[in-house]
Amino acid sequence: MRVTVDRVGVEVADGATVLDATRAAGAVVPTLCYDERLTPQGSCRVCLVGVRGRAVPACTTPAADGMEIATDEAAAREAAQLALELLVSQLPARALDIPAEHSELVRACQHFGLTASRFDGATRNAGVDHSHPYVKLDRDLCIACNRCVRICAEVQGTFALSLAGRGFDTVVVAGVGGPWVSSPCVACGGCVDTCPSGALTEPGLSDPRPFSRTTTTTCGYCGVGCTLRVHVRDGAVAAITPAREGPVNRGHACVKGRFAHAFARSRDRLTTPLVRDGGRDSPLRPASWQEALTVAATRLAAIRDRHGPDAIGMISSARATNEENYLAQKFARVVLGTNNIDNCSRLCHAPSAVGLTAAFGHAGSTNSVDDLDHTDCILIAGANPTEAHPVIGARIKQLVLRGARLIVIDPRRIDLAEMADVHIQAEPGSNVAVFNGIARILIDEGHTDEEFLRTRASGLAELIAVLADYPPNQAARLAGVAPEALVAAARLYGTARRPAIVYGLGVTEHAHGTDGVRTLSNLAILKGAVGTPGCCGVLSMRGQNNVQGASDMGALPDLLPGYQRVTDPDVRARFNQAWRAEVPVRPGLRILDMFASAIAGRVRAMYVIGEDIAQTDPDSNNVRRALAACDLVINHDLFLSSTAEHADVVFPAVPFLDKEGTFVNFDRRVQRVRPALDPPGQARSDFDILHLLARAMGADLGCSTPAEAMAECAALTPTFAGISHARLDVEGPLHWPCRGIDEPGEGRLYLDSFATPDGRAALAARPYLPPGEQPSNSFPYILITGRRLSHYNSGSMSRRTPNQQLHPHEILDMHPDDAARLGLTNGDLVEVTSRRATVTYPVRLTKTVSPGQIFTTFGFPDTPTNALTSDAADTETGCPEYKITAVSLNPVITGSESLAVVLGPSTSKPGPS
Ligand code: SF4
């Protein structure tokens, strides 16, 4: 439709508001209660404009064809100015001293030429809440615009904020009104971001000094891949803000990506290489780069030449960039001459790579996260997005608030279960039974897409034969749930127009994790909800920032970049020619096999890049035995980690904030990473370290810059052929597969054909098999491990930030019934003993876990949870069964001791064998 703004014609879309029209025309209309991300409220009246002689709020008034809008209409302008003056009259003078770039209120005053209010008003003296490390509330500056309350509800979905008081005394409160830090606020920063008056601020943005540099990059915490702006002042990160144009986060972020950056300038960052002169009992000492490289190169070469290339195992990093992972696998194959290269996706999403490839053809999510916008039903299995992938958790909450139905399959009553239409609180390890039960109901009740199954899928007859054993009663019995829950879930998913599946480590980290991925994928295939127009498919929530990319780049023992098989002679020939080397024929060792081989004396050296395997890998005492058995351990890291303590040579590395390259997020989006900081001391990127070590071993890896490494990868990898740094810098993120420089990349896959050998989606007939480790009389409880909002993985970064104040040490979640049986109350200490070790934790009573199950994380070295976990692993991929450990519980302190009990440096001790 066409309207005029100040007598100039402008076209606007149907549904546009008067404010949209004024902005389309380039007119300046100040606003205070308006945020384009939120439902307009129209309460502040600062955006009044004239329409046919009447003053109307621009933000809530619909534009109409032929409408004549006057932003300079005198009556409207006077009324808006009066509304603003009355607001200002209630505020202390410092409200107008805030720099204009940090205050919409100040900008509105400048628009009207106001420097003070003509009116005397009562001002509050309600004080400042400094209790939270990241969010500061100056109550006296609150103008009760409700934006923070709305963003917390509408964007974050947390509903932690409200306006309390009446009239003049109205002010925002968090939770029930106590200290902000004690409220349910999840510190996403949305309230700070939207506050127009400076009442809500964060430390980095309230400093009026200008930034020296702002860099747009991709978050280095989780696999969501939020686009962030890193603002630098005095050589350190002053603040991070989410980028509105970020294709995944759309201006949102979480407490880690937005605030947890202090680790980058932590005093215990490694700034020089370290070497050990004698055995492992001798201390690590600082060394020059030349000395450390010579020691590492000489000893690596000696082991390779004496024991053969396969006596070396290399573990690359999901924290590192694609280009670094590309170089790491090239180093293993070209310089060392072994395929013994793996990365930590082995420990989390290897079943996704194998399962999704077998079902559909590619080792990644079938769809873009953008497709979630159109879903009417989300099935979440084994994922807790509000803690592990908070921006996606918030997106899912928004969708549910807008009417999407929600099915949660999880042994814990996670946050999203509170909003769910159906929560299947299945026993840990029973996923396959649950998915088979739902599949059976979909078929029995006719919720399948017959045409799709006939023309685009294979394996239906075999699946139906297996599902004969999974009528609802039987599947529910295996899962320990009511059959009605399975029926309700199947009907919701089966009758939805565009159902989506979102899953995580609760599906993969099991002894039959690949079966879990396959049987979950069956549901999308049966429904025809994958590879079809408008479908939402199957999204696998990758854990760490670049766990998808590390595998995409071929840091895998059997696969070269782009999942090309090392056993394929044609593939090897192409790489051999490009690399002027011989790619070894025999697939290498997986991570857990490397440890077993080290203990057996076959692997003599481990080269570990950016992973703290002694803390994060299962049965960590066994990992330490493996490291101790090696003649040589080389490690790159930011800090002296548990693994670095076992190393002979430690190279000081840099985090995502200091480096150049790309990451791939959970929906296969290749995104740029750009350096915001200079590395401290002599620290260098993994990319540089690999080049230096190769040179010290007399080899040249070529591709001297990350851009060249991506170009080389693209030339050898059909699915990355169209991707380059130059293109990403111009066009923004691109999904792989992207097979040519003119192709846009495929967000929604398989619209024409699946990438399987026969072009059809492959249904999998997999029976339920029991977990690798089961409770017994001696070990009657099941320990589930997972993530918490404030910390990430080993916690090496987040623990060195004020996030530590939000979650200072690890705790063990326990159902009150179990606690009562054991005589425990909140904060009491309990020894958790598995077949491998004992670790002591303070307990937290919560009904989010079921009786007989306990939950914790492995983010704190002083509660080494992985000393407890087993080396039982997925039979197809070697992914550990982190989600099930049989344990016993033994109270060590009861009564009045509290969570403040200080835990010793290591409370792990050997357990019964
Ligand atoms: Fe986004 Fe994940 Fe980073 Fe949070 S940790 S800002 S959700 S990428």
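Basis of the calculations
- Residues numbered from 1 in each chain as written.
- Predicted model: local features only at pLDDT ≥ 70, side-chain atom pairs only at ≥ 80, totals over all residues.
- Heavy atoms only, no water.
- Axes fitted to C-alpha atoms, helices over the stretch in contact; angles between N-to-C directions.
- Helix = DSSP H or I, 4+ residues; strand = E, 2+ residues; numbered from the N terminus.
- Parallel < 35°, antiparallel > 145°, perpendicular 65-115°, else oblique.
- Left-handed = near helix turned anticlockwise from the far one by under 90°.
- Contact = heavy atoms within 4.5 Å.
- Nonpolar A, V, L, I, M, F, W, Y, C, P; charged D, E, K, R; others polar.
- Salt bridge = Lys/Arg side-chain N within 4 Å of Asp/Glu carboxyl O.
- Buried < 20%, exposed > 50% of the residue type's maximum accessible area, 1.4 Å probe, protein only.
- Domains from an automatic or database assignment.
- Buried area = accessible area lost by both parts, 1.4 Å probe.
- Polar contact = N/O pair within 3.5 Å; in protein donor to acceptor, adjacent residues only side chain to side chain.
- Pairing = 2+ DSSP bridges.

**Student:** Sorry, what's going on with the packing of helix α2 (residues 74-89) against helix α3 (residues 104-112) here?
**Tutor:** Any two packed helices are characterised by the angle at which their axes cross and by the distance between the axes. With their axes 11 Å apart at the nearest point, α2 and α3 run at an angle of 135° to one another. Between α2 and α3, the angle falls in the class oblique. Crossing angle aside, the handedness with which α2 passes α3 is left-handed. Packed against α2, whose contacting residues are Arg77, Ala80, Gln81, Leu84 and Val88, the element α3 presents Leu105, Ala108, Cys109, His111 and Phe112 at the interface. Considering only residue class, the contact of α2 with α3 consists of seven nonpolar, two polar and one charged.

**Student:** I would appreciate a short explanation of the pattern of salt bridges in the present structure.
**Tutor:** Where charged atoms from two side chains of opposite charge approach closely, those side chains can pair. Overall, the coordinates contain 54 salt bridges when judged by the stated rule. For the salt bridge of arginine 304 with aspartate 305, the shortest nitrogen-to-oxygen distance reads 3.1 Å. When its relative accessible area of 58% is taken as the criterion, aspartate 305 is described as exposed. Notably, a salt bridge pairs glutamate 876 with arginine 766, separated by 2.9 Å at the nearest N-O pair. Here arginine 766 lies in the loop between β32 (761-762) and β33 (781-785) and glutamate 876 lies in the loop between β37 (853-856) and β38 (885-893), a separation of 110 residues in the sequence. You can call glutamate 876 partly exposed: its relative accessible area is 33%. By sharing partners, the salt bridges in this structure join Asp35, Arg37, Glu104, Arg147, Asp193, Glu202 and Arg258 into a single network.

**Student:** It is not clear to me how the domain arrangement of the protein should be interpreted in this structure. Could you clarify?
**Tutor:** Often the size quoted for an interface is simply the accessible area lost on bringing the parts together. Per the domain assignment, the segments making up the protein are domain 1 (2-112), domain 2 (128-265), domain 3 (274-348 + 546-735), domain 4 (350-540) and domain 5 (781-903). Relative placement of domain 3 and domain 5: their C-alpha centres are 31 Å apart. When domain 3 packs against domain 5, the two sides together hide about 1700 Å² of surface, and 53% of this comes from carbon and sulfur. Applying the counting criterion to the domain 3 and domain 5 interface returns zero salt bridges.

**Student:** Explanation requested: the environment of threonine 519 in the structure shown.
**Tutor:** Mapped onto the fold, threonine 519 is located in helix α19 (residues 513-527). On the basis of relative accessible area, threonine 519 is assigned to the buried category, the value being 0%. Once residues lying within four places of it in the same chain are set aside, the contact partners of threonine 519 are Val432, Phe435, Asn436 and Arg766. Polar contacts involving the side chain of threonine 519 include one to the main-chain carbonyl oxygen of aspartate 515, which spans 2.7 Å. Within the local environment of threonine 519, its side chain forms a polar contact with the backbone oxygen of glycine 516, the two atoms lying 3.3 Å apart.

**Student:** I tried to follow the pairing of strand β2 (residues 8-11) on my own but got confused; where do I start?
**Tutor:** Every regular strand shows the same layout, with side chains that alternate between the two sheet faces. Examined bridge by bridge, strand β1 (residues 2-5) and β2 share four bridges and lie antiparallel to one another. Bridge pairing in β2 places arginine 2 opposite glutamate 11. Between β1 and β2, which pair antiparallel one after the other, the connecting turn spans two residues, and aspartate 6 there sits at a positive phi close to 50°.

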